[in-house]
Amino acid sequence: MTDYFRPLAQTGDARPSDAISLAGTSCWFTHVEHLNRSSAARIMPAQDAPQAWRERVSQVRPPIAGLDFSQPVIMGILNVTPDSFSDGGRFNTASQALRMAKDMVQNGAHLLDIGGESTRPGALEVPYEAEIARTVPVIEAIRRELDVPLSIDTRKARVAHAAVEAGANIVNDVSGFKFDPDLGPFCATTSAPVCLMHAQGLPETMQDAPEYDDVLLDVYDFLEQQIDLALGFGLRREQIIVDPGLGFGKTQVHNLKLIRGLSLFHGLGCAVLLGASRKGFIRDIGQAPKPDARAPGSIAVALAAAAQGVQVLRVHDVEETRQALALWQASTTGVGS
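Each chain carries its own residue numbering, running from 1 in the direction its sequence is written. Local features in this predicted model are restricted to residues whose pLDDT is 70 or higher, and side-chain atom pairs enter the listing and the counts only when it is 80 or higher, whereas totals over whole chains, interfaces and linings include all residues. In computing side-chain properties, one takes all heavy atoms of the structure into account and sets aside hydrogens as well as water.

### Examining the pairing of strand E7 (residues 111–115)
Here is step 1: Residue burial is assigned from relative accessible area. The probe radius is 1.4 Å, only protein chains are included, and a residue is buried under 20% of its type maximum, exposed over 50%, and partly exposed in between. Strands here mean DSSP runs of E at least two residues long; helices mean DSSP runs of H or I at least four residues long; both are numbered from the N terminus. Burial analysis of E7 places 5 of its 5 residues in the buried class, the great majority of the element.
Here is step 2: Between any two strands, at least two bridges found by DSSP are needed for them to pair. Here 5 bridges tie strand E6 (residues 73–79) to E7, and the two strands are oriented parallel to one another. Counterpart to Met75 in the pairing with E7 is Leu111.
Here is step 3: When E7 meets strand E8 (residues 150–153), the two strands line up parallel, connected through 4 bridges.

Quick look at the structure:
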């Protein structure tokens with residue numbers, strides 16, 4: 001039976017001598033939650049966890065596209081689609097998207113994620129030609145005027161190829177290399193860093209009735225399997241970011257269990273990304289029907305993620321998230337105070 005270890009992350013200067021650094025972040029831990037599928041969870045000293053695991057979870061995550069993962073990275077969401085759940089239709093032209101990109105970078109975004117296909121629950125697949133037509137002019141316009149890392153949010157190798165040629169640095173695949181068999185080999189051939197996300201099912205039907213034996217461990221196993229696949233293609237572990245995929249084939253209960261257990265994913269040896277911004281569970285728990293009124297709930301989840309060492313936060317509300325992180329860091333670690 002596989003054993004899993006979740007670091008019980010802490011922050012602050014009162015750090016015991018046996019504390020282990022968490023993936024090069026300001027977080028550290030002295031104890032872990034020991035999990036497996038056949039017995040109840042238990043707390044144990046971190047030093048009793050396997051040495052190989054301790055070495056992997058404590059390693060500094062090397063930069064990707066120049067991004068420093070020792071502090072939380074803000075990924076600004078730039079959807080150039082007519083039907084995304086929160087901002088569909090607002091940035092359909094390259095000039096509109098460029099203005100938004102400039103605003104996000106000025107307000108603190110370290111990375112911009114550009115998507116031409118909505119993957120909200122119920123969304124239908126977009127032909128790759130349309131996706132390219134939406135995203136490439138935007139990438140080219142941003143690349144001409146801004147020196148900022150860009151990721152292309154796509155499941156398709158042809159879209160990724162066009163986007164990387166236009167200047168995108170990272171491929172962000174919500175299917176985790178499950179949708180297009182050509183995407184993984186393309187990323188390996190071009191040495192394009194990737195974000196591998198977990199999703200159960202396709203957007204059209206993923207929220208119909210998602211089920212898991214244990215959502216935290218099932219998502220971990222999936223990501224471990226897809227990392228191994230990526231390594232087999234020729235990618236290196238330090239080129240990979242992982243994302244548990246909140247809202248992609250998950251109920252509110254699933255989402256909350258993943259948030260509480262986020263530090264588990266550091267055991268994969270990759271930087272961890274979380275995309276919670278404005279999602280449906282924030283609407284429901286926060287009683288905020290309108291997507292653009294969900295910044296407070298989105299920021300609350302972002303801070304919970306940062307407290308578990310999550311390196312990348314994918315957000316709509318860049319300026320508000322930057323301010324919240326600055327205050328969180330100053331009050332917990334002294335950074336920026």
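On we go from here.
### Some points on the nonpolar core
Here is step 1: Side-chain atoms within 4.5 Å are what join buried Ala, Val, Leu, Ile, Met, Phe, Trp, Tyr and Cys residues into a set we call a nonpolar core. Core analysis: the largest hydrophobic core is formed by 73 residues, its most contacted members being Leu78, Ile142, Cys187 and Phe265.
Here is step 2: Among the elements that make up this core, the one with the highest residue count is helix H6 (residues 215–233) (9 residues).
Here is step 3: Contacts are assigned to residue pairs with any non-hydrogen atoms lying within 4.5 Å of each other. For Ile142, the contacting residues outside a window of four places in its chain are Leu78, Leu98, Ala101, Leu112, Ile114, Val148 and Leu150.
Here is step 4: Ile64, Leu111, Ile170 and Val312 belong to the second-largest nonpolar core, a separate cluster that totals 12 residues.

### Re helix H9 (residues 295–306)
Here is step 1: An expected span of 1.5 Å times one less than the residue number is assigned to each helix. Given a rise of 1.5 Å per residue, 12 residues ought to cover 16 Å, and the 16 Å separating the end C-alpha atoms of H9 matches this to within 8%.
Here is step 2: Along H9, the residues classified as buried are Ala295, Ser298, Ile299, Val301, Ala302, Ala305 and Ala306. Projected onto a plane normal to the axis of H9, the buried residues spread over an arc of 160° and lie on a single side.
Here is step 3: The secondary structure elements touched by the buried residues of H9 are helix H7 (252–260), strand E12 (271–274), helix H8 (280–286), strand E13 (312–315) and helix H10 (318–332). Our arc is simply the arc of the directions from the helix axis toward the C-beta atoms.

### A word on the packing of H6 against H7
Here is step 1: H7 packs onto H6 with a crossing angle of 70° between their chain directions and a minimal axis gap of 9 Å. Here H6 is positioned roughly perpendicular relative to H7, judged by the angle of their axes. The segment H6 lies against H7, with Val215, Leu216 and Val219 engaging His254, Lys257 and Leu258.
Here is step 2: Among the residues making up the contact of H6 with H7, the classes are represented as 4 nonpolar, 1 polar and 1 charged. For helices, the fitted axis covers only the stretch in contact; all axes are lines through C-alpha atoms, and the angles between them, taken along N-to-C directions, range from 0 to 180 degrees. By the definition adopted for this analysis, an angle is roughly parallel if under 35 degrees, roughly antiparallel if over 145, roughly perpendicular if from 65 to 115, and oblique otherwise. Gly counts as polar in this scheme, as do all residues outside two lists: the nonpolar Ala, Val, Leu, Ile, Met, Phe, Trp, Tyr, Cys and Pro, and the charged Asp, Glu, Lys and Arg.

### Remarks on the sheet that holds strand E1 (residues 4–7)
What links the strands of a sheet is backbone hydrogen bonding, and the strands pair in either a parallel or an antiparallel sense.
Here is step 1: Strand order in the open sheet formed by 3 strands is E1-E4-E5, with antiparallel pairing between adjacent strands. In this open sheet, the two edge strands, each paired with only one partner strand, are E1 and strand E5 (42–45). Within this sheet the neighbouring strands show an average axis-to-axis angle of 40°, counted without direction.
Here is step 2: Bridge count between strand E4 (residues 31–35) and E5: 4 bridges; the pairing is antiparallel. Bridge pairing links Glu33 to Ile43 in E5.

### Points about H7
Here is step 1: Among the residues of H7, His254, Asn255, Leu258 and Ile259 are the ones counted as buried. Projected down its long axis, H7 carries its buried residues within an arc of 135°, all on one side. Exposed and oriented more than 90 degrees from the buried face of H7 are Val253 and Arg260.
Here is step 2: For H7, the secondary structure elements touched by its buried residues are H6, H8 and H9.

### What about the side chain of Asn172?
Here is step 1: If you trace the backbone, Asn172 turns up in strand E9 (residues 170–173).
Here is step 2: A distance of 3.2 Å separates a polar atom in the side chain of Asn172 from a polar atom in the side chain of Asp113.
Here is step 3: Sequence-distant contacts of Asn172, defined by excluding residues within four places in its chain, comprise Asp113, Ser151, Ile152, Asp153, Thr154, Cys195 and Arg314. N or O atoms closer than or at 3.5 Å make up a polar contact, with two conditions inside protein: a donor-capable atom paired with an acceptor-capable one, and, for residues adjacent in sequence, both atoms drawn from side chains.

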